[in-house]
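Report on the structure
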Amino acid sequence: MEELFKIIAESYFVKDLKENTLGTIKIAILREVTGNLIIRSNYADETITFKASESKDIIEIPARKLKSKEKLLGLKICREFNVIDDKFRYNVIKRSEQLGNPNSILFGDSVTENNDSVGISSRAIYDWAYSIRDVNELTGTLQHNALSEGGTMWDEEGGNHRTSLFQVQYIKPGALFPHFITVENVTPELFIHLLTCILFENCYGAQSTTLGSNIKNHILGFGISKFEQPINSFSISSNWEAKSAVTIENVKAAIDTAMKATYGEENYKMPDKIIRKIKLLWESEDKKELKGLYEKSKNDCERFLKDIKVCK
């Protein structure tokens, strides 16, 4: 943790999860679409959009669609290090004791069965993500068919051709989404867990088991302050200069510039050394250091539940 504290002061983390102190860390991210992505809600064949102006509709990704995938990866990581109940299932939590794990305490969770109303609020607050460019430039619609077992549209029982055609609107590779996650009252171990989930998750949206990897996450920096500053994905998108080319380099520069202007040069920290350290920890054969990190975090979470009288 010494390397982490060289970048982000120790005062921005808590030692006891029961603490509720001033101090936030805003993680600046650029999410780059690398494969076809489906982001939809009320309509099965339409991408979610937001009317940014009279002449521009941009793509909108609700926070939940990003957070849920990273939370699911976090659950798998906790299972890898045996720091979560064996019977724990995502959104099917039967006992309050099952909440005593790093993933639930970081992302928030609640007991969903047995009439137990215990809920843990999230310490990672996700922004909604907005595209820089117009939806018409970033999406394409394809028609698909639902093939029969024979691999054709022929209905073997009816003796005629089926008409099970449907359309899907995809966000095409190359779309860029500025994004921000704000954390507060986290231990250093929970912060490392969050960064790990962001770094290694790369499959988002609907039909992810069919489409596979489709987003690469670039962590650009950390804004630190006693109070969260008013910068978000929409502010980056809405302030974009119309004449500026929408490239990875230009969008990264725009996010960095906005973060420095809001937080100040000294309070916008570069993430390179932390990211390098996390990757080295995962490349280690025995992963001894990671195991120790997750075991400590589990102990902290269990103690927290006892302190707030959720568990005895």
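To be clear, the structure that these remarks concern was listed above.
Just so it is clear, the model here is predicted, and its values are computed rather than measured. (Residues numbered from 1 in each chain as written. Predicted model: local features only at pLDDT ≥ 70, side-chain atom pairs only at ≥ 80, totals over all residues. Heavy atoms only, no water.)

1. Regarding the sheet that holds strand E12 (residues 176-184)
The five strands lie next to each other as E6-E12-E1-E13-E14, forming an open sheet whose pairing is antiparallel. Among the strands making up the open sheet, the edge pair consists of strand E6 (124-126) and strand E14 (268-269). Sheet topology places strand E13 (residues 215-225) next to E14; two bridges connect them, and they run antiparallel. From the neighbouring strand, Phe222 faces E14, where its bridge partner is Lys269. Each of strand E1 (24-33), E6, E12 and E13 touches helix H2 (residues 63-80); the most contacted strand, E6, lies at about 140° to it. (Pairing = 2+ DSSP bridges. Helix = DSSP H or I, 4+ residues; strand = E, 2+ residues; numbered from the N terminus. Contact = heavy atoms within 4.5 Å. Axes fitted to C-alpha atoms, helices over the stretch in contact; angles between N-to-C directions.)

2. Comments concerning the packing of helix H5 (residues 188-200) against helix H9 (residues 272-283)
Running from N to C, H5 and H9 cross one another at 85°; their axes reach a closest spacing of 11 Å. On the basis of their axis angle, the class for H5 and H9 is roughly perpendicular. For the pair H5 and H9, the contacting residues are Ile192, Leu195, Thr196, Leu199 and Phe200 in the first and Ile274, Ile275, Ile278, Lys279 and Trp282 in the second. When the residues that make up the contact of H5 with H9 are grouped by side-chain class, the tally is eight nonpolar, one polar and one charged. (Parallel < 35°, antiparallel > 145°, perpendicular 65-115°, else oblique. Nonpolar A, V, L, I, M, F, W, Y, C, P; charged D, E, K, R; others polar.)

3. Here we look at the pattern of salt bridges
One pass over the structure, following the stated rule, counts 11 salt bridges. The partner of Asp57 in a salt bridge is Lys51, with the nearest N and O atoms 3.5 Å apart. Connected via shared salt-bridge partners are Glu189, Lys296, Asp300 and Arg303. (Salt bridge = Lys/Arg side-chain N within 4 Å of Asp/Glu carboxyl O.)

4. Let's talk about the nonpolar core
Nonpolar side chains in soluble globular proteins tend to be buried together. Ile8, Ile25, Ile27, Ile181, Phe191, Leu194 and Phe222 are the most contacted members of the largest nonpolar core, which has 69 residues in total. The leading source of residues in this core is H5, at eight residues. Membership of the second largest hydrophobic core comes to 15 residues, among which are Leu30, Ile236, Trp240 and Ile255. (Core = buried A, V, L, I, M, F, W, Y, C linked by side-chain atoms within 4.5 Å. Buried < 20%, exposed > 50% of the residue type's maximum accessible area, 1.4 Å probe, protein only.)

5. Quick look at the environment of Glu97
You can see Glu97 is positioned in the loop between H2 and helix H3 (102-107). Here Glu97 falls in the partly exposed class, since its relative accessible area comes to 47%. C-alpha separation for the pair Glu97 and Lys306, spaced 209 residues apart in sequence, amounts to 9.4 Å.

6. Overview of the packing of aromatic side chains
In total, this model carries nine aromatic pairs according to the counting rule given. Considering the side-chain rings of Phe13 and Phe191, the 5.6 Å spacing of their centres and the 65° angle between planes classify their relative orientation as edge-to-face. Of this pair, Phe13 sits in the loop between helix H1 (2-7) and E1 while Phe191 sits in helix H5, and the two are 178 residues apart along the sequence. The residues Phe13 and Phe191 share a single accessibility class, namely buried. Between Phe50 and Phe234 the ring centres are 5.5 Å apart and the planes differ by 80°, which places this aromatic pair in the edge-to-face class. (Phe/Tyr/Trp six-rings, centres within 6.5 Å; stacked < 30°, edge-to-face > 60°.)

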